Amino acid sequence: MPSNDGVLAVARSFRVLVIGGSYGGLSAALNLWDLSRGRLPRFNYAYDGPPPAHRIPIQTTIVDERDGYFHLIGSPKSLACEKLASESWTRFQDIPALKSADFKIIQGTVTKVDCAAQTAHILDTATKLTTTESYDFLIVSSGLRRVFPTVPESLRRDDFLGETRKHTENVRNAHGVVVVGGGAVGVEMAAELKMLEPQQRVTLVHSRDRLLSSEPLPNDFAERVDSILREGGVKVILGQRVVDTTVVDTESNQPTWRLTLGDGRQITTGHVLSAISRCIPTSTYLAPQALDETGYVKVHPSLQFSGNIPNAEHHYAVGDLAAWPGIKRCGGAMHMGHYAAMNIHQQMLAEVRGDKPSLKTLNPFPSVIGLALGKKAVTYTPDEGTRDGEDLLTSLFGDDMGNSNCRNYLKLSEACQA
Ligand SMILES: Cc1cc2nc3c(=O)[nH]c(=O)nc-3n(C[C@H](O)[C@H](O)[C@H](O)COP(=O)(O)OP(=O)(O)OC[C@H]3O[C@@H](n4cnc5c(N)ncnc54)[C@H](O)[C@@H]3O)c2cc1C
């Protein structure tokens with residue numbers, strides 16, 4: 001039956017369940033929403049052909065442990081800057097793009113997925129009750145489990161703002177701050193702290209002789225990061241493991257810590273921030289057959305599950321949780337969400353028409369990275385090599401660690417169109 005805009009309405013409806021409402025999950029949910037309404041997807045760089053001819057009724061449920069969308073990339077800075085913090089967490093109920101009866105948001109933790117029955121068990125944060133949600137298509141996008149201070153501990157926006165206030169005061173009032181771990185998070189954390197609190201003594205300690213030692217990046221990138229940190233006033237200590245951390249003064253309001261390094265050197269400091277915690281996939285709710293040996297979800301290039309599980313073709317993984325080679329990045333998560341949306345839409349159409357879907361396949365990600373280091377950004381791409389500069393910071397991250405760029409790309413502030 002054609003509607004006013006000439007788009008045919010499909011009689012059957014589909015339930016889509018998205019686990020994780022961040023870059024990957026929202027990209028999948030919103031691009032799929034566009035396609036289901038007979039419009040081009042909002043990313044629209046990989047979709048072929050005219051807008052879809054069918055309007056497909058879908059009910060999308062998004063489950064997240066947090067009560068909103070959190071701009072994770074900005075975490076090292078927003079945890080130490082109240083203004084940025086306030087802008088970087090938007091409750092799902094305040095996101096215009098999700099304001100429709102066709103989107104249901106649940107704040108809770110998915111504890112188990114039954115791929116055969118196509119159901120998920122959700123521990124609701126508010127009621128503490130476990131409910132069961134059925135789905136036709138599942139998109140898992142719950143990323144990696146990270147701990148404070150890489151990410152906030154809070155799961156509610158209001159608590160997060162309180163957490164930020166406390167963290168900012170701790171950092172500001174401390175007699176020196178030591179960041180332990182010179183990976184991507186540690187270098188950003190050290191640089192941002194030094195920029196926000198220029199009078200503060202900030203030291204970065206890394207166990208290897210090269211920063212970013214576990215990333216597949218060339219030495220000149222790591223060296224550029226090192227020199228920008230030093231130029232910005234961060235003291236960088238390489239090739240030393242912290243072998244002991246002891247509180248030496250608990251009497252005053254601000255405790256003092258003594259760190260002992262592998263070579264016997266000691267550093268006395270007012271605050272220690274660990275940036276070395278291992279990130280663990282959040283996939284514990286899935287059957288082991290769906291996962292590789294490290295807990296990432298095995299996928300085909302279509303992003304459908306490739307493990308030996310029932311109804312695998314109705315299960316998709318996107319973002320950090322997917323076992324996909326390359327550096328885990330927010331751009332990659334959104335790209336995957338876009339592809340999952342297009343493929344699920346194709347499957348829905350095929351089910352309605354009774355034919356075979358034509359699925360898009362993802363290419364391997366090149367080793368690409370962009371880091372915000374105070375006033376400058378440093379980037380690496382295989383084509384352009386290592387670059388840095390204040391102009392790069394502006395184009396990549398704006399003045400809010402990329403928050404507006406991501407929000408605008410996802411069109412979160414645009415009203416949900418029926
Ligand atoms: C400090 C830091 C800085 C970064 N900087 C950059 C950068 O500059 N550029 C870049 O491209 N990338 C950067 N990254 C990487 C980027 O943030 C990730 O690649 C991206 O967040 C992955 O998105 P995602 O949607 O897969 O998962 P996430 O963004 O991790 O989102 C997962 C969501 O799932 C929810 N969740 C988890 N478990 C459950 C569960 N069981 N039930 C329900 N919900 C659940 C979480 O609450 C969360 O909202 C950075 C990462 C960090 C930590």
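Residues numbered from 1 in each chain as written. Predicted model: local features only at pLDDT ≥ 70, side-chain atom pairs only at ≥ 80, totals over all residues. Heavy atoms only, no water.

Looking at an unreviewed UniProt entry, one finds the chain named FAD-dependent pyridine nucleotide-disulfide oxidoreductase, with Penicillium canariense as its source organism.

Q: Report on the nonpolar core, specifying residues and quantitative values.
A: Judged by nonpolar contacts, the single largest core of 70 residues is most densely connected at Tyr-69, Val-113, Val-140, Val-297, Phe-305 and Met-348. Ranked by residue count, the leading element in this core is helix H7 (residues 330–353), at eleven residues. (Core = buried A, V, L, I, M, F, W, Y, C linked by side-chain atoms within 4.5 Å. Buried < 20%, exposed > 50% of the residue type's maximum accessible area, 1.4 Å probe, protein only. Helix = DSSP H or I, 4+ residues; strand = E, 2+ residues; numbered from the N terminus.)

Q: Talk me through the environment of Gly-49; I want residue IDs and the actual numbers.
A: For Gly-49, the position within the fold is in the loop between helix H1 (23–36) and strand S3 (54–55). Gly-49 sits in the exposed class, given a relative accessible area of 52%. Through-space distance from the C-alpha of Gly-49 to that of Ala-222 is 43 Å; in sequence the pair is 173 residues apart.

Q: So, H7: which residues are in play, and what are the values?
A: End to end, H7 covers 35 Å across 24 residues, agreeing with the expected 34 Å (1.5 Å per residue, within 8%). Taking burial as the measure, the 24 residues of H7 include 19 buried ones, the bulk of the element. Two residues or fewer after H7 comes Gly-354, characterised by a positive phi angle close to 75°. (Expected span 1.5 Å × (residues − 1).)

Q: Requested: an account of the layout of surface pockets, with residues and values cited.
A: Here the second largest pocket defines a volume of roughly 250 Å³. Counting only elements with at least two residues in the lining of the second largest pocket, the list comes to helix H5 (184–196) and helix H6 (219–231). For the lining of the second largest pocket, the class distribution of residues is seven nonpolar, two polar and five charged. (1 Å grid on protein atoms, 1.4 Å probe; cavity = no way out; pocket = protein on both sides within 12 Å on 5 of 7 lines; lining within 4 Å. Points joined across faces, edges and corners; volume = space filled by probe spheres on them. Nonpolar A, V, L, I, M, F, W, Y, C, P; charged D, E, K, R; others polar.)

Q: Could you give me a rundown of empty space enclosed by the protein, with the residues and numbers involved?
A: Applying the stated criterion to the full structure yields two cavities of 30 Å³ or more. Estimated volume of the largest cavity: approximately 70 Å³. Taken together, Gly-319, Asp-320, Trp-324, Pro-325, Gly-326, Ile-327, Lys-328, Arg-329, Gly-332, Ala-333, Met-336 and Phe-365 make up the lining of the largest cavity. Grouping the amino acids of the lining of the largest cavity by side-chain chemistry returns six nonpolar, three polar and three charged. Put simply, the second largest cavity is a space of about 40 Å³.

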